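Notes for the structure review
Chain by chain, the residues run as shown.
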Amino acid sequence: MNFTPGSQQIKAPSVQLSVAGVGKRFGGVTAVDDVSIDVPQGRIVSIIGPNGAGKTSLLNMVSGFYKPDSGRIALEGRDITKMRPSEIAALGVARTFQNIALFGGLTVLDNLMLGRHVLMRSGVLRCVLYWGLAQREEVRHRAACEEIIDFLKLQDLRKQPTAALAYGLRKRVELGRALALQPKVLLLDEPMGGMNQDEKEDMARFVLDVNQERGITVVLIEHDMGVVMDISDHVVVLDRGRKIAEGPPADVQANPAVIAAYLGTSKGSGSA
Amino acid sequence: MSLVADPATNTLPKLLARNMKAFGRQPGMREKDRGIWQPYSWRECYAHVRDFALGLAAAGFKRGDKLSVLGDNRPRLYWAQLAAQALGGMAVPLYQDSIARELAFVLDHAEVSIVVAEDQEQVDKVLSLAGQLKNLHLIVYEDPLGMSAYSNDILKSIADVEQAGRAFGQKHPGYFERELEQGGAQDVAMISYTSGTTGQSKGVLLSHANMIATSESFASVESVKRGDNWLCYLPMGWVGDSIFSLSTSLVVAATCNCPESPETAQRDLRELGPSALLGPPRIWESMLTALQVKAADASPLKRNVYEYFRRLAERRELLKGDGKSIPRSMRFGYRLGEYLVYGPVRDQLGLRNARWCLTGGAPLGADTFRFFRSFGVNLKQIYGATEASALVCLQDNNEADPNTVGRTLPGTNVRIGERGEVQVKGPGVFLGYYKQDAATRDAVTPDGWLKTGDAGLVDPRGHLAIIDRAKDVGKLADGTPFAPQFAENKLKYSPFIREAVAFGDQHPFVAAMISIDMSTVGKWAEQNGLPYTSYMDLARKPEVANLVVEEVAKINATLPDATRIRRIVLLNKELDADDAEITRTRKVRRAFVAEKYAPVIAALYDGARETQLTMDITYEDGRKSQLTSTMLVYDITPAGPAGPGRLAA
C-alpha cells in the first residue's frame, strides 16, 4: 500500500484516499451519516448533492478541520482521522475553499510562496541571515512557484495584490496556492462557483491538466452538472448526509434516487 | 564589402554562424521565462539552430521546402526559421491569432510541410486542418503543457526534434555545415503573406539578399550597434518582425528579447528598457490612451503638474516645428519638466534608453506623434511595404515630421508614377509573389519599379509624404479631394474612439462609422454613474453618444469646412479581424466594410435617424450566428460642444 507518485502506473489504481463509515453531528443535526468513499489514485472523483447534503463537511473532515464522530479516514493506508490540518497538509492533501481564502494584501506570488510554507525547512535565524540553505531554499521554492504561475497562466498578475483581482482569477490563484503544496490529493470545494461560462471552461481545463499532467488525484465538489459529468471519472451523490448513489457519470445521471433527490419525489421544486 | 557580396555572410543562418564565431559568449537572444530574463549566447543559439536543422533533415526536410511558425515571439520559433533556411528551405511565419480558415489558406497555398507551433492552442488549430493539407507531415510544438494526452504520429516536441537532430548529426558528420555552405544570397529566405487589405492575401517572396541588404542600410542610417537590445513583441507573421527582430539583429549582432507573454509585454518593455522600439500606430495610440487615463486618475496636484508641463512641451514642439526660436522661460520650464514629468513618463513607458522609436505600417495621427516628440521620445515615421522588405523610407533624427515619412534608404529609389502612386526600386524589392505571376506583373512596372499602391508626393526637402492608398483617395460630390485615412486618424486621436471608418467619395459630405473604446468609455461611464452591461449596451447609451458627438465636434473645429464630418453612426461592436473587417495589422478593409455595412452607409446619407443591420457574428470558438441590431445616426452640428447631436427617438 505504500504508493507514492512517480512510481509505476498500475492498471487498476490503488485506493489513495479512503473514507470509511464517517459520521458527523452538529448538535441535533446529522451533517454526515455513515459515508464511505474510496478515491483511487490519479482519478477525478466528484461529490454532488443538493445544498446542505454534507459535501463541504465531508471535505472538512478529510482535511482535518472537523473531527468525525465515527468512522475512519485513511491516506494511502495511513490513518489520518485524528491528525491536525497542518499534519494532513504535510502528508500531501491540499484544498481550496468555497469562499476564497487568500491573503488579499499579498501578491499572487507571495500567496503561492505561502502555500509552500509547510515544505520550508529554514528557521527564523537562518531566514534573517539569508545565507546558504535559506537562500538556496528560497530559490528552489520560487522556481516551483514560477512553474505554477506558468502552468496557470498568471504571468501578468505575478506582482498584483490578490484583493484587486477579478473573482475568477482569485479562484485560479487559490488553485495555484493549493498546487504549491505539491499535493498528492487535491480537494476542490466549488472551484467554479460564481464563474461565467468562459471562466468555468478555463478552470475545467486546469483541473484536467492538474490531473493528467501532474498525476494529482482530485476530489471535486461542484454544482455545475455539465462540468461534473464532463471531467469526472467517478461521481458520488450525497443527500441529507447520506450517500445515495455512486458510479460513472452516465450511470449516476440515470439513477432514479439521484433524480428524486434533486427534483423531489412528489412535487417538483428545488434545483441543483 | 557588403555582407550580401561576401559568400561567408550572404544568408541569415551564415550570419548566425559568423556571430557565433565572433561573439560566441555574448547574448544573442533573451527570453523572459519563469519571471527571469534567460539569456542564450550566440553559441547556444547556433547549437539549437544546428540541432533543429539536423532534426528537420532527419524528418525529410529538403532544399526548397517550407516551414511555418505559429505562436508568440519565442526564441525557438526564430531558431526554427533559421534552421529551415540553413537547409535551403523557406520560412513562412504566420499570425498567431489567425483563425483556422486563414491558416488553411496560407498553409495550403505555400505548400508548407512542417509547422512549428507554440502551444496546445496553436497545435489544435493546425491539427483541425491536417486532413486538408496534403503537404503537411509534421507538427512540432514548443510548450508540452497539455500535450500528454495527444497521441498523433505527426506531433513531436522541439526537444524530440533536436534530439533526433543530434543523432542524425553523428551519423552524417558535416551535413549541417555543407548545407549551410550551399545557401546563396538569391535563395528565397521567407514567404511573407500580405495582410490583404485588398482581397485574398498574397505570398511575397523575399530573398536573403533582400533582407540582409535592407537591414544593413537601416543599421547604417540609424547606427544600430552590436549589443543593442530589441523587444520582439510584434506578430511574427508581419514582415517587419522578420526584418527588424531576425535579420537586423543578425546583421549587427544585437540582442532579441522575447517577452513572457503578450499580456506582460508592457511590463517587460519597462524592465528591459530597449535601445529602440518599433511599433505600428496602434501601439503608440494605446500607450497614449493608457497615459491619458492614468493622468486623469491621478491626484489633483499631480494631474495639474502633468497638464501644465504637457501643454508647455506641446507649445515648445509647435514652435520648433515652425522653426521659431524658443523663449528662455520656456527652455527653463522644459528642463524642469524633464525632471518632474517627461523623464518619469518615458521611464514608465520603458522608453528611457530608447535612442529612437519608429512608427510605421499605417499613418499615425499628427497629434499623437507630436505628443511623444514633445515628451522627449525620438519618435519617427518609417514607410515600407511587404514587397520592399518592410522598409523604404525613414526620417533623420533632425527631420522628424508627422506629415512625411522621410528620406529613402541608401541604395533605394522612389518615384511618383501616374495617379500619384509611389514606386520603389532598390535591393529590398521582392522576387515576386509565390505562384501568382499575374499579380507579380501587375505589381511591377515594365522597367522594374515596384508599384506600392500608395498615393504620395515628394516635398521640396526630398521627403516622401503618403496621402492614402491610391485607390482610396476620392473626391466629394463638389470635387473637394478626400482621403479617408486622414479623417480617421483625426478621429482616432480621441481616447474614446477606438476605430473609425470615414466615407465621402462621390458623396455630398464626410460621414463616419465609429466604434468606441470599451476601456476608456467604460471608465467614463463608471465615473459618471452610468450603468452598462456590454459593449453594445454602452454604445447605445444616449450619454455616450453625446460624449462622442462632442469629441467629433472638437475634431471638426480643426478641419477645413468642406471635409468636416457631418454625420456619424456608433457601431455596436468593435471592428474585428476575425470578422475580416480589419486585417491582423489593424488596417480597415474598406471594400469589405463598405459592402457589409451598406445599409448603415446608406442611412448616413439619406437622412435616416436609425438603421438596421443584420450581421453574421463569429464567436471566439468559431461558432457563427446572425444578429440584427438597430444603430442610431447622429448629426454633428457645426456649433461644436454647445450643440450636441440629437437623438432619433
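Residues numbered from 1 in each chain as written. Chains lettered and ligands numbered in written order. Predicted model: local features only at pLDDT ≥ 70, side-chain atom pairs only at ≥ 80, totals over all residues. Heavy atoms only, no water.

**Observations regarding the packing of aromatic side chains**
With the rule as written, the count across this model stands at 17 aromatic pairs over all chains. Considering the side-chain rings of B:Tyr308 and B:Phe309, the 5.1 Å spacing of their centres and the 90 degrees angle between planes classify their relative orientation as edge-to-face. Through successive ring pairs, a cluster of aromatic residues spans B:Trp284, B:Tyr306, B:Tyr308, B:Phe309, B:Tyr334, B:Tyr342, B:Phe371, B:Phe372 and B:Phe375. Above the plane of the ring of A:Phe151 lies A:Arg214, whose end atom (NZ or CZ) is 4.7 Å from the centre. One residue, B:Lys202, lies across the ring of B:Tyr433, its end atom 5.2 Å from the ring centre. (Phe/Tyr/Trp six-rings, centres within 6.5 Å; stacked < 30°, edge-to-face > 60°. Lys NZ or Arg CZ within 6 Å of the ring centre and 35° of its normal.)

**Considerations on the pattern of salt bridges**
Residue and element names in this part refer to chain B. All chains considered together, the criterion is met by 53 salt bridges over all chains. For arginine 74, the salt bridge goes to glutamate 31, with nearest N and O atoms at 3.5 Å. Linking arginine 74 in the loop between strand 3 (66-70) and helix 3 (75-86) with glutamate 31 in strand 1 (residues 27-33), this pair joins segments that are 43 residues apart in sequence. Each member of the pair arginine 74 and glutamate 31 is classed as buried. A salt bridge links lysine 492 to glutamate 499; the shortest N-O distance between them is 3.4 Å. (Salt bridge = Lys/Arg side-chain N within 4 Å of Asp/Glu carboxyl O. Helix = DSSP H or I, 4+ residues; strand = E, 2+ residues; numbered from the N terminus. Buried < 20%, exposed > 50% of the residue type's maximum accessible area, 1.4 Å probe, protein only.)

**Some words on the interface of chain A and chain B**
Each partner contributes residues to the interface: chain A has 13 residues there, and chain B has 15 residues. Taken together, the two surfaces of chain A and chain B that pack against each other cover about 1100 Å², and 42% of this comes from carbon and sulfur. On the chain A side of the contact with chain B, A:Gln155, A:Asp156 and A:Glu213 bury the most area, a combined 39% of that side's loss. For the interface between chain A and chain B, the tally reads two salt bridges. Between A:Asp150 and B:Arg34 there is a salt bridge, and its shortest N-O distance comes to 2.9 Å. Elements represented by at least two residues in the side of chain A that touches chain B include exactly helix 5 (133-151) and helix 7 (197-214) of chain A. Of the residues assigned to the side of chain A that touches chain B, the class counts are one nonpolar, three polar and nine charged. (Contact = heavy atoms within 4.5 Å. Buried area = accessible area lost by both parts, 1.4 Å probe. Nonpolar A, V, L, I, M, F, W, Y, C, P; charged D, E, K, R; others polar.)

**Quick look at the sheet that holds strand 13 (residues 356-359) of chain B**
Residue and element names in this part refer to chain B. Taken in spatial order, the five strands line up as 12-13-14-15-16 in an open sheet, and their pairing is mixed. On the outer flanks of this sheet lie strand 12 (276-279) and strand 16 (407-408), each paired with one strand and no other. As paired strands, strand 12 and strand 13 are joined by four bridges and run parallel to one another. Residue pairing across strands places leucine 278 opposite leucine 358, the latter belonging to strand 13. Strand contacts of helix 8 (residues 208-222): strand 13, strand 14 (379-383) and strand 15 (393-394), with the helix running at about 135 degrees to strand 13, the strand carrying the most contacts. (Pairing = 2+ DSSP bridges. Axes fitted to C-alpha atoms, helices over the stretch in contact; angles between N-to-C directions.)

**Some words on helix 10 (residues 256-263) of chain A**
Residue and element names in this part refer to chain A. Listed in full, the buried residues belonging to helix 10 are Val258, Ala261 and Tyr262. Down the axis of helix 10, the smallest arc covering the buried residues is 90 degrees, so these residues share one side. Where helix 10 is buried, its residues contact strand 3 (44-48), helix 8 (225-231), strand 9 (234-239), strand 10 (242-247) and helix 9 (249-254). Sitting at the amino-terminal end of helix 10 is asparagine 255, which places a side-chain oxygen 2.9 Å from the backbone nitrogen of alanine 257. (Arc of directions from axis to C-beta. Polar contact = N/O pair within 3.5 Å; in protein donor to acceptor, adjacent residues only side chain to side chain.)

**Notes on the nonpolar core**
Formed by 126 residues in total, the largest nonpolar core has its most connected members in B:Phe52, B:Leu67 and B:Val116. For this core, the element with the highest residue contribution is helix 2 (residues 42-58) of chain B, accounting for nine residues. Setting aside anything within four residues of it in sequence, one finds B:Val116 in contact with B:Phe52, B:Leu67, B:Ser68, B:Val69, B:Leu70, B:Leu77, B:Ala80, B:Val140 and B:Ile158. Residues A:Leu109, A:Cys145, A:Leu165 and A:Leu188 belong to the second largest nonpolar core, which totals 38 residues. (Core = buried A, V, L, I, M, F, W, Y, C linked by side-chain atoms within 4.5 Å.)

**Description of a nonpolar patch on the surface**
Residues and elements named next belong to chain B. On the surface, Phe332, Leu336, Tyr339 and Leu340 cluster together to form a nonpolar patch covering roughly 490 Å² of accessible area. Relative to the helices and strands, tyrosine 339 resides in helix 13 (residues 328-349). What makes tyrosine 339 exposed here is its relative accessible area of 69%. (Patch = residues over 30% accessible without salt bridge, like charges linked within 9 Å, V, L, I, M, F, W, Y side chains within 5 Å. Areas by Shrake-Rupley, 256 points an atom, 1.4 Å probe, with all protein chains shown as cover.)

**As for the sheet that holds strand 11 (residues 255-258) of chain B**
Residues and elements named next belong to chain B. Taken together, the four strands give an open sheet; going across it, the order is 2-1-11-10, and neighbouring strands pair in mixed fashion. Across the chains shown, the open sheet's two edge strands, defined by having one partner strand only, are strand 2 (36-41) and strand 10 (229-231). The average undirected angle you get between the axes of adjacent strands in this sheet is 25 degrees. Most of the contacts of helix 2 go to strand 2, to which it runs at about 75 degrees, and overall it touches strand 1 and strand 2. Across the sheet, helix 10 (residues 265-272) is in contact with strand 1, strand 2, strand 10 and strand 11; its angle to strand 10 comes to roughly 170 degrees.

**Section: the environment of B:Gly479**
All names here are of chain B. Summarising the element assignment, glycine 479 is placed in the loop between strand 22 (474-475) and strand 23 (481-482). Taking the relative accessible area as the measure of exposure, glycine 479 reaches 33% and is therefore partly exposed. It is 28 Å that separates the C-alpha atoms of glycine 479 and glutamate 610, two residues lying 131 residues apart in sequence.

**Re the confidence of the model for chain B**
Residues and elements named next belong to chain B. Here chain B shows a mean pLDDT of 89. Residues at 70 or above account for 97%. Across residues 639-649 the pLDDT falls below 50, and counting only partners more than four positions away or on other chains, this stretch makes 18 contacts in the model. Interface predicted TM-score (ipTM) for the complex: 0.70; the corresponding pTM is 0.79. (pLDDT = per-residue confidence, 0-100.)

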